[in-house]
Amino acid sequence: MLKQHLQLKLGQKLAPQQIQLMKLIQLHTLEFEEELERELEENPALEIAKEDSKEDEYSSLEDAYQDEGTESIETDFDVNEYIYDDEPSYKTASSNYSPDDEEFDNESLLTEGQSLYDYLTEQIHLVNIGDEDLKIAEYLIGNLDTDGYLRREIKSIVDDLAFSQGIYTTKERVEDILENYVQKLDPPGVGARGLQECLLLQIEKKVSSDKAVSLAANILRHQFEALTNKHYNKIIQKYDIEEDDLKDALDEISKLSPKVGGNFDTQTITINQEIIPDFVIQVKDGQVIPMLNSKNAPTLRVSEEYKDILTTYSHDKNSSEHKQAALFIKQKLDAAKWYIDAINQRQNTLLQTITAIVKFQKDYFITGDEKSLKPMILKDVADITGFDISTISRVVKSKYADTPNGIVYLKDLFSDSLTNDDGEEVSTKEIKTHLQEVISKENKRKPLTDDALVVILKEQGYNIARRTIAKYREQLNIPVARLRKEL
């Protein structure tokens, strides 16, 4: 039985334009330029404006167009309503530039390089080897990772050769080709199945008559575990040598490369792009001035030509073709107008966010000393700007600022806080800096344990637990005391 009833629901939906605006906000400069170029190609009604461009008259044209009785495509998305409460409306053309107009050149350095696979394949073809063995060797080379290691099990490779290449062979034969052909290629160490084998392959290429080299080879072959754990006393006792002899052997080992494939391109063509700062921060007379990189502030406008075409077609009410063309042009003009508004909104969001960050971290930008960084989380910036925390997160994501003290990753400016013995809130970044300084000055023969670091930092006024010290140390990529030991 059918029944009628009323039901109230409260829901929230994001329009496609709103989603697009959020995507624009989180793009860094290079991605934004690519996105802008793509939009300019797809929408002929959008164009780069010249400096002397006049104020856009699109709104009045739109009114005239609707008065003619032609069907209109509405664009009900209001970017101001989505993020801001009291933000004024924008002109169609924007011209927000900073003095860095030509300072940053967005050139991608296109470099051609030989891959490790190509380099090894060229060499194996110069070796006197049978046709089937050559195919096995090529297959082994193809299974090397970018560091030059063979990470796969030989048994799996034997199975793959049978299924994909139609080559039925044995594990012993594949190992023989690996050790006697592939591992003999340049660079030394290629084709190794682990770090120990990689280093051994390299040391064996050196002159064995050298005492330090011979000792280094013996250590790598028979005392690798003691070496990795830095049990130097055990090695000295094992070989009955002096400490200086071990130092010489360790020097030889330190010259070896753990990643012999690292000097080769993983692809034939690699695009290297330098970091293009999204913001420029200047310090003048004690004042910190934040600006957008001009690449983030293009001057856009709606095409005058397309507006003229729309006016012409809108007067012809009888032609269905002209009506369809007018609808298409109107849609492109609406999209161009919205895109310009969205770009303006993006610029204002970025600028207000960086202004709030600069206000919070003024001392740091003036001094360049990380100890001057104040505790700052996303909510602090959100409170100043009035934006949502998710918006602030999108702004700082993968963004950089050019400061008087170098390029700074914005996320590095954010940190939690701890209270020191004086009751003051200090940034965890400051504590990490102190921790790094203490470890850099330690006696490397007897590195400080985490417990010892707790005592030292407590003397400096930072009452931190040992597990927190361990966490900060790991975040700084500093190994445990045992692995920091040196002779």
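Quick caveat, the model's predicted, so the values are computed rather than measured. (Residues numbered from 1 in each chain as written. Predicted model: local features only at pLDDT ≥ 70, side-chain atom pairs only at ≥ 80, totals over all residues. Heavy atoms only, no water.)

**What to know about the overall build of the chain**
The helix and strand tally for the chain stands at 21 helices and ten strands. Out of the 487 residues in the chain, the part that is buried amounts to 42%. Restricting the contact set of the chain to residue pairs at least 6 apart, pairs at least 24 apart contribute 69%. With an accessible surface of roughly 28200 Å², the chain has 45% of that area assigned to carbon and sulfur atoms. (Helix = DSSP H or I, 4+ residues; strand = E, 2+ residues; numbered from the N terminus. Buried < 20%, exposed > 50% of the residue type's maximum accessible area, 1.4 Å probe, protein only. Contact = heavy atoms within 4.5 Å. Areas by Shrake-Rupley, 256 points an atom, 1.4 Å probe, with all protein chains shown as cover.)

**So, the pattern of salt bridges**
Taken as a whole and judged by the stated rule, the model has 20 salt bridges. For the salt bridge of Lys444 with Glu442, the shortest nitrogen-to-oxygen distance reads 3.1 Å. For Lys444, a relative accessible area of 25% gives the class partly exposed. For Glu442, a relative accessible area of 8% gives the class buried. The structure contains a network of salt bridges with shared partners spanning Glu132, Asp133 and Arg173. (Salt bridge = Lys/Arg side-chain N within 4 Å of Asp/Glu carboxyl O.)

**Examining the sheet that holds strand β5 (residues 287-292)**
Within the open sheet, the four strands sit side by side as β5-β4-β7-β8. Their pairing is mixed. With one partner strand each, in any of the chains shown, β5 and β8 (406-409) form the two edges of the open sheet. Strand-to-strand twist of the sheet, defined as the mean angle between neighbouring strand axes without regard to direction, takes the value 25°. Two elements, strand β4 (residues 279-284) and strand β7 (residues 400-403), share two bridges in a ladder whose sense is parallel. Counterpart to Phe279 in the pairing with β7 is Ala401. (Pairing = 2+ DSSP bridges. Axes fitted to C-alpha atoms, helices over the stretch in contact; angles between N-to-C directions.)

**Considerations on the side chain of Glu39**
With respect to the element layout, Glu39 can be found in helix α2 (residues 29-42). Here Glu39 sits buried without a salt bridge, and the closest side chain of opposite charge, Arg38, lies 6.7 Å off (N-O distance). (Lys, Arg positive; Asp, Glu negative; His and termini not counted.)

**Some details on the packing of helix α5 (residues 116-124) against helix α6 (residues 131-142)**
Relative orientation of the contacting elements α5 and α6 amounts to 165°, with a least axis distance of 10 Å. Regarding the angle of α5 to α6, the classification is roughly antiparallel. Here the hand of the crossing between α5 and α6 comes out right-handed. Where α5 approaches α6, its residues Tyr117, Leu120, Thr121 and Ile124 are matched on the opposing element by Leu134, Ala137, Glu138, Ile141 and Gly142. (Parallel < 35°, antiparallel > 145°, perpendicular 65-115°, else oblique. Left-handed = near helix turned anticlockwise from the far one by under 90°.)

**Considering helix α13 (residues 243-254)**
Taking 1.5 Å as the rise per residue, α13 with twelve residues should run 16 Å; its terminal C-alpha atoms sit 16 Å apart, in good agreement. Elements in contact with the buried residues of α13: α10 (211-222), α11 (224-228) and α12 (232-239). (Expected span 1.5 Å × (residues − 1).)

**Considerations on the packing of helix α19 (residues 428-440) against helix α21 (residues 466-475)**
Two elements in contact, α19 and α21, have axes separated by 10 Å at closest approach and are oriented at 80°. Relative to α21, the element α19 lies roughly perpendicular. Counted together, Thr428, Ile431, Lys432 and Leu435 of α19 and Ile469, Tyr472, Arg473 and Gln475 of α21 form the full contact between these two elements. Residues belonging to the contact of α19 with α21 are distributed by class as follows: four nonpolar, two polar and two charged. (Nonpolar A, V, L, I, M, F, W, Y, C, P; charged D, E, K, R; others polar.)

**A few points about the packing of aromatic side chains**
Summed over the entire model, instances satisfying the criterion amount to three aromatic pairs. Between the aromatic rings of Tyr400 and Tyr409, the centroid separation amounts to 5.0 Å while the plane-to-plane angle is 35°, which identifies the pairing as tilted. In this structure Tyr400 comes out as partly exposed when scored by relative accessible area, which is 24%. For Tyr409, a relative accessible area of 25% translates into the label partly exposed. Just above the ring of Tyr149 sits the side chain of Arg151; from NZ or CZ to the centre is 4.2 Å. Taking the ring centre of Phe32 as reference, the NZ or CZ of Arg346 above it sits at 4.0 Å. (Phe/Tyr/Trp six-rings, centres within 6.5 Å; stacked < 30°, edge-to-face > 60°. Lys NZ or Arg CZ within 6 Å of the ring centre and 35° of its normal.)

**Some thoughts on the pairing of β4**
Along any regular strand, the residues point their side chains to alternate faces of the sheet. For β4 and β5, the ladder comprises six bridges, and the chain directions are antiparallel. Bridged to Ile281 within β5 is Pro290. Between β4 and β5, which pair antiparallel one after the other, the connecting turn spans two residues, and Asp285 there sits at a positive phi close to 50°.

**Side note on the pairing of β8**
The sheet contact formed by β7 and β8 spans four bridges and is antiparallel. Residue pairing across strands places Tyr400 opposite Tyr409, the latter belonging to β8.

**Structural notes on helix α18 (residues 389-396)**
Among the residues making up α18, those that are buried are Thr391, Ile392, Val395 and Val396. Here the buried residues of α18 occupy an arc of 125° about the axis, which is enough to place them on one side. Following α18 by one or two positions, Ser398 has its phi on the positive side, about 55°. (Arc of directions from axis to C-beta.)

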